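Residue strings, one per chain:
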Amino acid sequence: MKMIFGRPAGLTETLQRYCPGCGHGIVHRIIGELLVKLDIRERTIGIAPVGCSVFADEYFNCDMIQPPHGRGPAIATGLKRTRPECIVFSYQGDGDLAAMGTAEIIHAAARSENITVIFINNAIFGMTGGQMAPTTLPGMKSTTSVKGRDIGKQGYPIKVCEMLASLDGPYYLERCAVDTPRNVIRTEKALKTAFAHQISNKGFSMVEILSMCPTGWGQTPVQAKKWLGEVMAEYYPLGVFRDLSKEGK
Amino acid sequence: MAGKKLMYGNHAVVEGVIAAGCRFFAGYPITPQNEIPELMSIRMNEIGGVFVQTESEISAINMLFGAAAAGKRAMTSSSSPGISLMQEGISYIAGADMPVLVVNIVRGGPGLGNIAPAQSDYYQATRGGGHGDYFTITLAPHSAQDLYEFPKLAFELAEKYRNPALILADGLLGQMMEPVEFSFKPIDPKSLPEKEWALCGCKGRERRVVRSYDLKAGKLEVLNLRRAEKYAKIKSNEQRFKTKYCNDADLVIVAYGTCSRVADAAVKMARDKGFKVGLLRPITLWPFPMDVLGDMVKKVDNFLVVEMSNGQMIDDVKLATECRSRIYFHGRPGGGVPTPPEIYKRIEEVLGGAR
Amino acid sequence: MPEVKILEEVCKGCGLCCDNVCPENILILIPDRINSNGYHPAMVTDMKKCTGCGYCFKVCPEPAIEIYK
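Small disclaimer: the values here were computed from a predicted structure and weren't measured.

## Structural notes on the confidence of the model for chain B
Link 1 in the chain: The predicted model of chain B averages 97 in pLDDT, with 99% of residues at 70 or higher.
Link 2 in the chain: Both scores are available for the predicted complex, with the pTM at 0.97 and the ipTM at 0.97.

## Looking at the interface of chain C and chain A
Link 1 in the chain: Contacts between the two partners involve 24 residues from chain C, matched on the other side by 24 residues from chain A.
Link 2 in the chain: When residues in the side of chain C that touches chain A are grouped by element, the largest group, four residues, is from strand 4 (residues 65-68) of chain C.
Link 3 in the chain: The residue inventory of the side of chain C that touches chain A, partitioned by class, reads 13 nonpolar, four polar and seven charged.
Link 4 in the chain: The sheet contact formed by strand 1 (residues 3-5) of chain A and strand 4 of chain C spans two bridges and is antiparallel. Its bridge partner being in strand 4 of chain C, F5 of chain A is matched across the sheet by I67 of chain C.

## Examining the interface of chain A and chain B
Link 1 in the chain: Across the contact, 27 residues belong to chain A and 33 residues belong to chain B.
Link 2 in the chain: Breaking the side of chain A that touches chain B down by element, the ones donating at least two residues are strand 2 (44-47), strand 3 (63-65), helix 3 (72-82) and helix 5 (102-110) of chain A.
Link 3 in the chain: Looking at the side of chain A that touches chain B residue by residue, the classes come out as twelve nonpolar, seven polar and eight charged.

## Examining the sheet that holds strand 2 of chain A
Link 1 in the chain: Strands sit in the order 10(A)-8(A)-9(A)-5(A)-4(A)-2(A)-3(A)-9(B) across an open sheet of eight strands; the sheet is mixed. In this open sheet, the two edge strands, each paired with only one partner strand, are strand 10 (239-243) of chain A together with strand 9 (209-210) of chain B.
Link 2 in the chain: Across the sheet, helix 8 (residues 181-199) of chain A lies against strand 4 (87-93), strand 5 (116-121), strand 8 (172-177) and strand 9 (205-210) of chain A, angled at about 160 degrees from strand 8 of chain A, the strand it touches most.

## Some remarks on the sheet that holds strand 4 of chain C
Link 1 in the chain: As summarised here, the arrangement of the three strands in space is 1(A)-4(C)-1(C), forming an open sheet in which the pairing is antiparallel. Sheet topology places strand 1 of chain A together with strand 1 (3-6) of chain C at the edges, where each strand pairs with a single neighbour. Pairs of neighbouring strands in the sheet enclose a mean axial angle of 35 degrees, with direction left out of account.
Link 2 in the chain: Strand direction decides the pairing type here: strand 1 of chain C and strand 4 of chain C, joined by four bridges, are antiparallel. Considered in strand 4 of chain C, the bridge of V4 of chain C is made with I67 of chain C.

Cut-offs applied
- Every residue gets a number counted from 1 within its own chain, in the order that chain's sequence is written.
- Following the order in which they are written, the chains are lettered starting with A and the ligands numbered starting with 1.
- Local features in a predicted model are, by the rule used here, given only for residues with pLDDT of at least 70; side-chain atom pairs are given and counted only at 80 or more, and totals for whole chains, interfaces and linings are based on all residues.
- Each residue carries a pLDDT score, the predictor's confidence in it, ranging from 0 to 100.
- Two residues form a contact once the distance between their C-beta atoms, set from the backbone, is within 7 Å.
- To qualify as a helix, a DSSP run of H or I must reach at least 4 residues; to qualify as a strand, a run of E must reach at least 2; elements of each kind are numbered from the N terminus.
- Ten residue types, Ala, Val, Leu, Ile, Met, Phe, Trp, Tyr, Cys and Pro, are classed as nonpolar, four, Asp, Glu, Lys and Arg, as charged, and the remainder, Gly among them, as polar.
- A pair of strands is labelled paired if DSSP reports no fewer than 2 bridges between them.
- Here, axes are lines fitted to C-alpha atoms. For helices the fit covers the stretch in contact, and angles between N-to-C directions go from 0 to 180 degrees.

So this is what it looks like as structure tokens:
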């Protein structure tokens, strides 16, 4: 019998330390598969963020670097400009990309650096214990917004795909989710497209992925995936925000 | 390029960096070092290197982290406030044992300060500068010629010890023009050996990881102890300095960079008047030339530390001499530059009738 | 006939594969078994019904599921 689904060779044997039901593992598996399917594992350099997925440098079976919080796109620029033959991806959470690294992601996108950014949006700070993120929904409870995010005092969430789509630089922007098999398959397709664009030197690609954080949300994994589909995806609509390949570029 | 050319100090850095085989520059404009990114943008374009004008110094230093992790010589330049922004990145780079070159054309501080030359970033440069247990190799040029030659030395030391290196100059050195001799054969970056730790894709080898963290119990302590051994080795191998008229001196001036030039003129004035005065010019600020001062203290009764600050290097002079001699200070903070008569006056005050 | 193998020691018992994912509804968390990490691992109740669609694998974060055909 032949294995048709299983741990891809693009992941190391190290077991992941994420909480039960965390979406990071699903996205890791997809990237691990793509490293093999696209035959890029041996020329890829991955960038782990600061946050729960700081440990991604132990999980992806390729060269990895772990930079300061939010600086992934700058590190990626340094790597890609000096090693254009390598495939460079920056894996970032919402604290990393949408708070600390806001300047880095905007300018890497504006320069249209030929890199692939994977942005995990779980609307909360996981690693530090469930504090409010720039992506925390209005009214959503966190350990620094215990009565729910108060728009009057704590402002509005940042919709990263929409924000970056206001720039001319990005080549490809899509928002996906990993709550259902159907959405996971769409995420697989989006990430494959994003890496393919980098391989053909098209410029900046980012896939934002709505992902479950049951621990941070104070929910069971099953409740979390339902909340993602019913509430979070309403606020952060899924879809393609930029695809210059459709414009023949 | 061969022969001699009249150049700005800031332009000499650019040519020195390129001659050292560096093909990656990332930086953000700030006075008084703007001539560096300006010329770099032209020169990197000419020679097929990379020039990125970044959104911030934070981004610049992280681009260097990436380029260095890719195994390439990479540099940035800035001035004091920008260097402060880079400290986060420098700490991570030191924690990941990566070689990069950072040039600081120091200006007056704290805060936005002014754009006049200063030496008030000495502590920041020689005490690590950011968080955690680390040091950065710090070279102090005192001429456009040094600014041309030190990048090569800085890269060699940075790579030998896998540690970030700084060149600590000041606005005066960056802005003044001097003849520069292209004193070494430019290095072809392709001739530099591939680093055995560089990230370049794991084809035919184990994957590599560059990082500054280790959360396993006790592991970071081991790493930091190993780094302490490296620092001890740098301290014993790499102390660099120049001395002048120190053999018979009753007083030795300790000064680096611009101050060493002014002090040189003051020493001449003093010698003409019959005072036995010498000059010690530290070239490496970290590692500080402790050993030569430790020897000198046996013979020299007086040291005069001259700095364009309220006194920072003086602490290292006190540590090196264990305060066994009398140590005097003359400082000009906030963008002031001492004059030779000013220093001579201090010499006269100290040595009085001892000529 | 496809065969699903649950890596019981890798499974964290999140239950994502058991909730409205399997078209045949043949995955459950085993209530009376606990792995060495303290989780109830998932199991297939009726392997004959499995079509090998891979949906359970797609939503498994570990992944603790292998499917053979």
